[in-house]
Amino acid sequence: MLHDKDRNIKYYEGIRAAVSRVKDRGQKALVLDIGTGTGLLSMMAVTAGADFCYAIEVFKPMADAAVKIVEENGFSDKIKVINKHSTEVTVGPDGDMPCRANILVTELFDTELIGEGALPSYEHAHRHLVQETCEAVPHRATVYAQLVESKRMWSWNKLFPVRVQTSLGEQVIIPPSDLEQCPGAPSVYDIQLNQVSPADFTVLSDVLPMFSVDFSKQVSSSAACHSRQFEPLASGRAQVVLSWWDIEMDPEGKIKCTMAPFWAHSDPQGLQWRDHWMQCVYFLPQEEPIVQGVALCLVAHHDDYCVWYSLQRTCPEENGRVQQMRPVCDCQAHLLWNRPRFGEINDQGRNDQYAQALRTVLMPDSVCLCISDGSLLSMLAHYLGAEQVFTIESSAASHELMKKIFKANHLEDKISIIEKRAELLTSADLEGKKVSLLLGEPFFTTSLLPWHNLYFWYVRTAVDQHLGPGAVVMPQAASLHAMVVEFRDLWRIRSPCGNCEGFDVHIMDDMIKSALDFRESKEAEPHPLWEYPCRSLSEPQRILTFDFRQLVPQQPLRAEGTMELRRLGRSHGAVLWMEYHLTPDSTVSTGLLEPAEDKGDCCWNPHCKQAVYFLSPTLDPKMLLGSPRAVSYAVEFHPHSGDVTMQFRLADTRN
């Protein structure tokens, strides 16, 4: 956030203007800064001429850092850091503040605007902490929405029919009716909307200003709805609402900071990259057919923390009672499958690849055991001719979901669901039969990093006694791959700021560096790289191989080597991913989907998060523009814990 220059400049301009307006009225400028963080906005206020600032920060490590930063910059006599939640701050002779402030400065926003509790915090501040005629920076926020049709985005929310080509013709796996009727998960899906191709959606409406919040006046956190009538630009199926906001730092609206995606931005070439504020994807409770030119109402509903949308034929009274309750999943699927998982299950090409691999290993007398959370793999095995299919669902919720899906497809008597951990499997659970085909995608809901799905290997080891002679395991193996990359923007989340708009914030940098000294922070972290463009500087390299035909070994698996940097650029980090070798001729990648282009541009699996190991020297973004080097690595798989530890470092190979 400190690297968000557009945000910083706009806040600084807005604060200067607010202080000037108060001074022009002959008043002292007393600032309340809620959520001060580093104290940056308070220091801006004092530099702009504020007489005193009360900087509120509830998170103690951050408040302690703010005290040091304020002191380092010479503002201790004008800024008081208060380590409390703003709703606990007191005003009076013996209080935290002797009197109410007349300038309210805040940065309490998330991608959804109100998801971090901005409305209740503003509501309390106006009632108890600031004067009735206070100035506010930002002065106003406006939420915008645009209705679209998008098969890709809709696939993140609903289960599509899955087609399976069998010897008896095409079979179609259909979703249960309650999955189709379910309004979906209540939470927003925040993404880097600029990375979604315009070819992936059809615009059905203009950009509509849905509602505004004036932060200089009393704010209400009560539930409300705001409607906008519009005429559809095209006929289609209304499915998804894309949304973002902007903030105006001054009453005239001349100083504006916007989150608009490139097609709605006034200066698409000057877009400021942000990861703290992105754009919102909301799913309508049901897709609805609409006709070009036939007026409709898009309704934005919100409570104190959440926003959701509905499409109505007539507009409700502005700011009236919310007519529709916040959507809540009642089908279990949205509680078990996140948005990328929905997309993965709906990926027909991926399903076809698994089906083709199954055809090569299935026999007419195959007894299959499927081990993956909420997977349709057992249904593919049944339709492709397995004699008997068992599937393990270790949670009650997952068991109920799969039971509904099987019943909707008349398979409740064809596929046996075993509700227990695989380690506790007994011969009786398998009706005394030996498994001839052990299946997995593999996918487990608790997995965060790519190699966490190696849990499949442990399960395969645990059920070894239930496998018959010559049993086939699919996938037969997995491999861990790595590649050195240069990020277009993601490097900023690990880059120190040093000086921010003329203020020394190196203490914040030091605090982060200290946090990164912990073992967990030195390891890789998950990121969906389809949202974060990067260039490959090395060729992808296979690091470790895991043979699922064998039991988990007792000794660690270790690999050391180097990756030569074949392209010039900044070596920001190494990206790691898993590839699953279903059969000798079929591999599914959770990372790189095709070889990098000539310039190194990468195409990543959009359903999975890849692991990123940031290289420490790239904390200086200006380095490594010289001649090619290499990155050395040491990676180790620890079978007793399932951990993968690693170290990557730059190695000059010119000598």
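Since this is a predicted model, take the numbers as computed values, not measurements. (Residues numbered from 1 in each chain as written. Predicted model: local features only at pLDDT ≥ 70, side-chain atom pairs only at ≥ 80, totals over all residues. Heavy atoms only, no water.)

What about the overall build of the protein?
Definition in use: Working definition: helices are DSSP H or I runs of at least four residues, strands are E runs of at least two. Numbering for both runs from the N terminus. Note on exposure labels: buried denotes an accessible area under 20% of the residue type's maximum, exposed denotes more than 50%, and partly exposed covers the range between, all computed with a 1.4 Å probe on protein chains only. The contact criterion used throughout is that any non-hydrogen atoms of two residues lie within 4.5 Å. All accessible areas in this document rest on Shrake-Rupley with a 1.4 Å probe, and a residue is counted as covered only by the protein chains that are shown.
In terms of regular secondary structure, the protein is built from 14 helices and 34 strands. Each principal axis of the C-alpha atoms in the protein carries an extent, and together these give about 90 × 70 × 50 Å. Expressed as a percentage of its 655 residues, the buried residues of the protein come to 55%. In the protein, the proportion of contacts linking residues at least 24 apart, taken out of those at least 6 apart, comes to 77%. Carbon and sulfur atoms provide 49% of the accessible area of the protein, an area that totals close to 27,900 Å².

Quick word on the UniProt feature "domain: Protein arginine N-methyltransferase" (unreviewed entry) in the protein
Note the cut-off: UniProt positions are given in the numbering used here, feature names are shortened, and annotations may be inferred rather than shown by experiment.
Summarizing the sequence annotation, UniProt attributes the feature "domain: Protein arginine N-methyltransferase" (unreviewed entry) to residues 139-312 and 477-652 in the numbering used throughout. For residues 139-312, the end-to-end C-alpha separation is 31 Å, with 5% helix and 46% strand making up the annotated structure.

Quick look at the environment of S150
Cut-off, in case you're wondering: Under this definition, polar contacts are N or O atom pairs within 3.5 Å; protein pairs additionally need one hydrogen-donor-capable and one acceptor-capable atom, and for neighbouring residues in sequence, both atoms have to be side-chain atoms.
With respect to the helices, strands and loops of the structure, S150 is situated in the loop between β6 (140-149) and α5 (151-154). Sequence-wise, S150 and A357 are 207 residues apart; in three dimensions their C-alpha atoms are separated by 30 Å. With residues up to four places along the chain from it excluded, the contact list for S150 reads D200, F201 and Q239. Only 2.7 Å separates the side chain of S150 from the backbone oxygen of D200, close enough to count as a polar contact.

Side note on the state of the cysteines
Put simply, the test is: Working definition: a disulfide is two cysteine sulfur atoms within 2.5 Å of each other.
Evaluation of the coordinates by the stated rule reveals one disulfide. Across the disulfide from C297 sits C315; the S-S distance is 1.5 Å. One quick way to see it: the torsion about the S-S bond of C297 and C315 is about -75 degrees, and its sign makes the bridge left-handed. One end of the pair, C297, is in strand β16 (residues 296-302); the other, C315, is in the loop between β17 (307-312) and α7 (333-336), and 18 residues separate them in sequence. With a relative accessible area of 0%, C297 lands in the buried category. The class for C315 is partly exposed, based on a relative accessible area of 36%. Of all cysteine sulfurs in the structure, the one in C331 sits closest to C182, which takes part in no disulfide; the separation is 3.7 Å. Owing to a relative accessible area of 0%, C182 belongs among the buried residues under this scheme. The structure places no disulfide on C280, whose sulfur is separated from the nearest cysteine sulfur, that of C306, by 11 Å. On the basis of relative accessibility, which here comes to 2%, the residue C280 falls in the buried class.

Quick notes on the packing of aromatic side chains
For the record, the criterion: Side-chain rings of Phe, Tyr and Trp (the six-membered ring for Trp) are treated as a pair once their centres are within 6.5 Å; stacked means planes under 30 degrees apart, edge-to-face means over 60, and tilted covers the remaining angles.
Under the definition given, this model contains 25 aromatic pairs. Ring centres 6.5 Å apart and planes at 55 degrees place the aromatic pair W154 and F283 in the tilted group. A residue pair is termed long-range when its members are at least 10 positions apart, and W154 in helix α5 and F283 in strand β15 (residues 279-290) qualify at 129 residues. A single burial state applies to W154 and to F283, both of which are buried. Aromatic pair W457 and F546: ring centres 5.8 Å apart, planes at 75 degrees, arrangement edge-to-face. Taken together, the residues span a long stretch of sequence, with W457 in helix α12 (residues 455-462) and F546 in strand β28 (residues 541-547) at a distance of 89 residues.

So, the sheet that holds strand β21 (residues 435-439)
Inclusion rule: Each pair of strands is called paired provided DSSP finds at least two bridges between the two strands. Each axis is a line fitted through C-alpha atoms, taken for helices only over the stretch in contact, and angles between the N-to-C directions span 0 to 180 degrees.
Spatially, β20-β19-β18-β21-β22 is the arrangement adopted by the five strands of the open sheet, whose pairing is parallel. For this open sheet the edge positions go to β20 (415-418) and β22 (467-474), each flanked by a neighbour on one side alone. If you compare each strand with its neighbour and ignore which way they point, the axes differ by 20 degrees on average. By the bridge criterion, five bridges tie strand β18 (residues 367-371) to strand β19 (residues 388-392) in an arrangement that is parallel.

A closer look at the sheet that holds strand β4 (residues 101-106)
One open sheet holds the five strands; their spatial order is β3-β2-β1-β4-β5, and the pairing between them is parallel. Where the open sheet ends on each side, the last strands, each with one partner, are β3 (79-82) and β5 (130-137). Here the average twist between neighbouring strands, direction ignored, is 25 degrees. On the sheet, helix α1 (residues 5-24) packs against β4 and β5 and is oriented at approximately 145 degrees with respect to β5.

Comments concerning a negative patch on the surface
Formally: A patch is a set of surface residues, each over 30% in relative accessible area and not in a salt bridge, joined within 9 Å for like charges and within 5 Å for the nonpolar side chains Val, Leu, Ile, Met, Phe, Trp and Tyr. Within this document, salt bridges are pairs made up of a side-chain nitrogen of Lys or Arg and a carboxyl oxygen of Asp or Glu, the two lying within 4 Å of each other. Lys and Arg are tallied as positive, Asp and Glu as negative. Neither His nor the chain termini are counted. Here the site of a charge means atom NZ of a Lys, CZ of an Arg, CG of an Asp or CD of a Glu.
On the surface, a cluster of negative charge is contributed by E594, E597, D598 and D601. Within the secondary structure layout, D598 lies in the loop between β31 (586-589) and β32 (610-614).

Thoughts on the side chain of T391
You can see T391 is positioned in strand β19. With a relative accessible area of 1%, T391 lands in the buried category.

Topic: the packing of helix α3 (residues 60-72) against helix α13 (residues 506-515)
Condition: Three residue categories are used. Nonpolar comprises Ala, Val, Leu, Ile, Met, Phe, Trp, Tyr, Cys and Pro, charged comprises Asp, Glu, Lys and Arg, and polar comprises the others, including Gly.
Between α3 and α13, whose axes approach to 8 Å, the crossing angle comes to 145 degrees. Seen from α3, the contacting residues are P61, M62, A65, K68, I69 and E72; seen from α13, they are H506, I507, M508 and M511. Tallied by class, the residues present in the contact of α3 with α13 amount to seven nonpolar, one polar and two charged.

Some remarks on the side chain of H466
Along the chain, H466 turns up in the loop between α12 and β22. For H466, the side chain forms a polar contact with the main-chain oxygen of L425, separated by 3.1 Å. Once residues lying within four places of it in the same chain are set aside, the contact partners of H466 are L425, T426, S427, L430, K434 and V435.

Side note on helix α4 (residues 118-128)
Within α4, eight of the 11 residues are buried, which leaves the element mostly enclosed by the surrounding structure. Those residues of α4 that sit buried are A118, L119, S121, Y122, E123, H124, A125 and H126. Its buried side turned inward, α4 meets β1 (30-34), β4, β5, β11 (208-214) and β16.

Quick word on unusual backbone geometry
Cis geometry marks the peptide bond from V137 to P138, where omega comes out at 0 degrees. The amide bond that connects M474 to the next residue, P475, takes the cis arrangement and shows omega of 5 degrees. Among the secondary structure elements, P475 is positioned in the loop between β22 and β23 (477-487). Backbone geometry at L113 places phi at a positive 80 degrees, although glycine is not the residue there. Tracing the sequence through the fold places L113 in the loop between β4 and α4. Non-glycine residue H410 carries a positive phi angle of around 60 degrees. A relative accessible area of 64% means that H410 is categorised as exposed.

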